[in-house]
Structures are given as structure tokens and as C-alpha cells.
Amino acid sequence: MIVMKFGGTSVANFEAITRTIFIIGGKLDQKPVVVVSALSKITDLLYAISDAAAANDVATTTDLLAQLRKRHVDLTEELLAQSMLKDEAVAKVNELCDGLDKIAMAVCSLGELSDKNKAIIISTGEYLSSTIIAYAMNAKGIRTKWVDSRTMMVTNKSYLKAEPNVAAISERAPGLVAEAYEGMDAIIMQGFVGVTEEGKPTVLGRGGSDYSASLIGMAIDAERIEIWTDVDGVLTADPRKVKNTKYLEKISFEEAAEMAHFGAKVLHPLTIEPAVKKNIPLYVLNSMNPSGKGTAILRNELIEDGVKSVSFKENIKVINIFSTRMINTSGFLRRVFEIFSESKVSVDLISTSEANISVTVDASEKIDPVIKQLSEFADVIVDDDKSQISVIGKNIVRLNGMLKKTFTPLKKTNVYMISQGASFVNISFVVDREELAEVVQDLHDHLFDNPEELETF
Ligand code: ADP
Ligand code: ASP
Ligand code: MG
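Residues numbered from 1 in each chain as written. Chains lettered and ligands numbered in written order. Predicted model: local features only at pLDDT ≥ 70, side-chain atom pairs only at ≥ 80, totals over all residues. Heavy atoms only, no water.

Trainee: What is the right way to read the pairing of strand β10 (residues 282-286) from this model?
Mentor: Regular strands place side chains that alternate from one sheet face to the opposite one. Within β10, 5 of the 5 residues are buried, leaving the element largely enclosed by the surrounding structure. Bridge count between strand β8 (residues 224-229) and β10: 5 bridges; the pairing is parallel. Counterpart to E226 in the pairing with β10 is Y283. In this sheet, strand β11 (residues 295-298) lies alongside β10 in antiparallel orientation, the contact comprising 3 bridges. The partner of Y283 across the bridge, within β11, is A296. (Buried < 20%, exposed > 50% of the residue type's maximum accessible area, 1.4 Å probe, protein only. Helix = DSSP H or I, 4+ residues; strand = E, 2+ residues; numbered from the N terminus. Pairing = 2+ DSSP bridges.)

Here's what the structure looks like:
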């Protein structure tokens, strides 16, 4: 079996879904378990519906709900125009939209939205897309079983950024997938969505469908996990922000994990972890160019040393913690990091001096409780006008001249908090946000357009 995950742009409209079904149709001999995201931009729309409903804004909520219904009903009619399944499919889509309308209007009248209800609202996108595509696949003669991911994707109770229960998923998925496959050519499931032990809906957080695909792949011992998206594979930098990016034929699990963790949005940061557990190769492929080879993400031993990527996080916060009491206080660091850990705020970079600790965190982290607690025993200043850049590649920290090569193009830039060596694959530093675009482009040009040899020492 293989897992094939299709992201929002791969299922955006009639043309994209037709291409996607053609790609799946070519792999039926490998028994695909298809995992789909919501149609492109639909999750954003569902967030907007949640916000409007929570703000008691009946007019906006109704308007957005109507837009959402129309896009899905029109698409279903277009995809199933020639099929006897059309009426049934449209009825099913309307039923899902009715359910959504009901919750959204209830939220509207309450003017209050719990995380539990928000998870139900924002997961509707994946239920709609998977339903429509399942009908369209069947209409094209691919016998496809629609499976509810919530029968197996068990998570904790963090409704909007749930953590999977790997043991429970591994226990449930193989049997359910095998059973669903009986008499079928393919099965289709929703990415992003999960369920608590008690059966309450959750979601894995933005971009979480990649993670769903890799969790399912791990649980069923898939031969490979394919992430189909809108670029030819993993590139040396985000092509939306950097010119002259280059395609990478293969990278290691570790390089991919670091790239994703340090800002490359092509993969959800946790996607690699389940694949590594079972050593399952991952491929990033382009659904708009299906004959391309894509990027293979493989075991470390199969990958050469050298720079692979310049990744960056545009929006980070630098938390500077000052305390004169830090000197000679052995428990200080422990206390500081306990606070981050208890609030589940994940720290990227750390630097310390005698009376100061600076850490960076992603701008999406909820740091207020951390700041409040730290302020009880230290002075805390938060900078939110900074960005973080990471140069990533296997063993780069051991390559002679790598630091010089990284920092040469940055001569006129203020560089804060340099970190290297925590892993051998990553050199990271912080710059002023207003300089980010230029620095990243210069650094990328310098690293990838002058491939002078670097020696391992
Ligand atoms: P999907 O909807 O298929 O999940 P995403 O938008 O989440 O797609 O991810 C694909 C996008 O990731 C690409 O269009 C590209 O702009 C962006 N991206 C960021 N960094 C990289 C990178 N290093 N390599 C390839 N794509 C990248
Ligand atoms: N639809 C979800 C999102 O937009 C999950 C995903 O696309 O991976 O975040
Ligand atoms: Mg994505």
C-alpha cells in the first residue's frame, strides 16, 4: 500500500481534481490510501466563518456560508455532470453544508465559540472535499471507499492543535484500512481531522494534512508516502519569496525535518517523524507536473553532505530575559524552561550570557502566560520586529569555511543570536524583519550560485 496526500491546490477545482484522479488512477496496482485536504482557501473561509459567528455577525456568517456551499455544490455538479451519482453527491454535499450552517448559526446566537465547536467547523472542509472526490472517483470507474479518518486518528484534547496518539492510531488503522479495501480499488480519507478517546472532533493544526498522511502511512506500514502539492518538490528556498530557487532531487529525513521546522511551509513540521519511525520514504511531488521525479526524502546514509536550503521564519518573537539574580543561581535556567514547557510554548533558538537569556519562538505561539510568569523574577523584553534565517544541510556545521560563506553576504546586516552546532545540519540567526527579503536572496545567491567546494574537517 502507498499513501497519496493531495493538498488544497491539488484539489482546488474541476481541472485540479480531474488531474488528481488521473494520477491516482495510474497507481491502483499499489493500493493507494488517498488523504485529501480541503479545497484551496476553504480552511481560511471556515476560520472566517468561525470568527464572524463568534462576533455575532449574522450577515457576514450567512454570506460566507452561502459562498462555501455554492463553491462545493457547483464543483460537484461540474465533476459529476455526466454521472448517475450526481444527485446523490449534491444531496450529500448539501447535508454537510446544512450541518455546518446549523453549528455556525448556533454559535452566532450565543456569540461564543468553544475550541470544541471551532474544531467541528474548520474540519468541514476536509469532509466536503473527500466526499466530492470519492463520488468523482467512483463516477470515473475507480471503486473508492470513503473512510472517516475519525475512526482511527486518535488525538489528545487540544482541540485545535491536537497531538496524535500514535499507539492508538497504529492499533486501529491497519484493520480498518484493510476492511475498507475489500472489493475496492482505492480508499479516500480526510487529512487534518482527528478525534479524542471520547469521540470529540479535533484538528491537527494548520497544514496538518501532511502529518495525517504520514501518521496513516506509519500505522499501515506503507511502502511510501507521497505528498502531492503545487511545486516540483522541495526547493532550496520558498519560491514565493526567493528568486532562482533550485529543485532538490533527494534530501535526508533530518534535513527535511529541520527545513520544515525552521519555516519551509512545503511540509508540516511534524510530517517526518512518523515516517522515520518505520523508515518509510517520503516523496514531494507536483500534481500539476505528475511526470516529474519530485523530491525523495530518505535515510540519512543515502544523502550527501552539503548545503540544501535557506529556510526562514518571517514572524518570530525574541524574548529577552534579564536577571541579575541569574549569576550563581543554578536553578535559573531550569525555572525558565519549565515555564516554557508548562505553557507548551516551543523554543527555537537560545543564547545565554551571564545575566541574560534570549530565546526565539514562532509568532503564533501564545506567550502571554510565559511572559507573566517570567516577569515575576526577571525583566522581560519582547522584540517582535525580527525574523529568523536558517541555513540547512547535512553536516554543514563540520564543513570548513561554512560560517564564513554564510556570513560573507551579510556584512552590512545586524545579526542577532547566532546558533550553530546544536545539530550538525543547521546554522540559524536572527535579523531585523525589514532586512529579511534582501538578506535571504543574497544568502541564497551566494550559497547556491557559487558552488565552490567546501571541505569536511
Ligand atoms: P498544499 O496545499 O499542497 O499542502 P502548501 O501551500 O502547504 O501546499 O505547500 C506548498 C508551498 O510551499 C509551495 O507552493 C511553496 O510556495 C511553499 N514552499 C515554502 N518553502 C518551500 C521549499 N523549500 N520548497 C518548496 N516549496 C516551498
Ligand atoms: N486544510 C487544512 C489547512 O488549510 C489542512 C491542510 O491543508 O493541510 O490548514
Ligand atoms: Mg500544506
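Trainee: What should I look at first to understand the site of ligand 1 in this one?
Mentor: Close to ligand 1 lie 19 residues, the nearest being K5, T229, D230, L235 and R240. Residue K5 places a side-chain N or O atom 3.1 Å away from an oxygen atom belonging to ligand 1. D230 places a polar side-chain atom, nitrogen or oxygen, 2.7 Å from an oxygen atom of ligand 1. For ligand 1, whose accessible area on its own is 570 Å², the fraction buried by protein is 86%. Classifying every residue of the shell around ligand 1 by side-chain character gives 9 nonpolar, 5 polar and 5 charged. (Near = heavy atom within 4 Å. Polar contact = N/O pair within 3.5 Å; in protein donor to acceptor, adjacent residues only side chain to side chain. Areas by Shrake-Rupley, 256 points an atom, 1.4 Å probe, with all protein chains shown as cover. Nonpolar A, V, L, I, M, F, W, Y, C, P; charged D, E, K, R; others polar.)

Trainee: Would you explain the pattern of salt bridges in this entry?
Mentor: Two side chains of opposite charge can pair, provided their charged atoms sit close to one another. The final tally for this structure, using the stated rule, is 23 salt bridges. Put simply, K27 and E226 hold a salt bridge, and the shortest N to O gap is 2.7 Å. Placement of the pair is K27 in the loop between α1 (14-25) and β2 (32-36) and E226 in strand β8, with a sequence separation of 199 residues. Within this structure, K27, R224 and E226 form a network of salt bridges that share partners. (Salt bridge = Lys/Arg side-chain N within 4 Å of Asp/Glu carboxyl O.)

Trainee: Help me understand the packing of α1 against helix α6 (residues 124-139) in this model?
Mentor: Between two packed helices, what matters for the description is the angle formed by their axes and the separation of those axes. Remark: α1 packs on α6, axes separated minimally by 11 Å, with the N-to-C direction vectors making an angle of 60°. As summarised for this structure, α1 and α6 are arranged oblique, according to the angle between their axes. Along this stretch, α1 crosses α6, giving a crossing that reads as right-handed. Along the contact surface, α1 presents I17, I21 and I24, while α6 presents I133, A136 and M137. (Axes fitted to C-alpha atoms, helices over the stretch in contact; angles between N-to-C directions. Parallel < 35°, antiparallel > 145°, perpendicular 65-115°, else oblique. Left-handed = near helix turned anticlockwise from the far one by under 90°. Contact = heavy atoms within 4.5 Å.)

Trainee: For this particular structure, what's the right way to read the packing of aromatic side chains?
Mentor: How two aromatic rings sit relative to each other is given by the distance of their centres and the angle of their planes. Within the structure shown, the criterion is met by 5 aromatic pairs. Ring geometry for F332 versus F377: centroids 5.8 Å apart, planes at 85°, classification edge-to-face. Remark: F377 occurs in the loop between α12 (368-374) and β15 (379-394) and F332 occurs in helix α11 (residues 332-342); sequence separation between them is 45 residues. We classify F332 as buried; its relative accessible area is 6%. By relative accessible area, F377 is classed as buried at 7%. Above the plane of the ring of F377 lies R335, whose end atom (NZ or CZ) is 3.9 Å from the centre. Here the guanidinium or amino end of K386 rests over the ring plane of Y416, the centre of that ring lying 4.8 Å away. (Phe/Tyr/Trp six-rings, centres within 6.5 Å; stacked < 30°, edge-to-face > 60°. Lys NZ or Arg CZ within 6 Å of the ring centre and 35° of its normal.)

Trainee: Even after reading the chapter, I still don't get unusual backbone geometry, so can you show me in this structure?
Mentor: With the exception of glycine, the majority of residues adopt a negative phi angle, and the majority of peptide bonds are in the trans configuration. Look at K41: it is not a glycine, yet its phi comes out positive at around 75°. In this structure, N244 is a non-glycine residue whose phi angle is positive, near 60°. Topologically, N244 is positioned in the loop between β8 and β9 (250-252).

Trainee: Sorry if this is basic, but what is going on with the sheet that holds strand β7 (residues 201-203) here?
Mentor: Each strand in a sheet pairs with another by means of backbone hydrogen bonds, the pair being arranged parallel or else antiparallel. Ordered in space as β4-β6-β7, the 3 strands form an open sheet in which the pairing is mixed. Both outer strands of the open sheet, β4 (154-155) and β7, are each paired with one neighbouring strand and no more. Sheet topology note: the strand β6 (residues 193-196)/β7 ladder contains 3 bridges and is antiparallel. Looking across to β7, one finds that G194 is bridged to T202.

Trainee: Sorry, what's going on with the side chain of E126 here?
Mentor: As for its placement among the helices and strands, E126 is situated in helix α6. Within the buried set, E126 has no salt-bridge partner at all; the shortest N-O distance to an opposite charge, 7.8 Å, is to R206. (Lys, Arg positive; Asp, Glu negative; His and termini not counted.)

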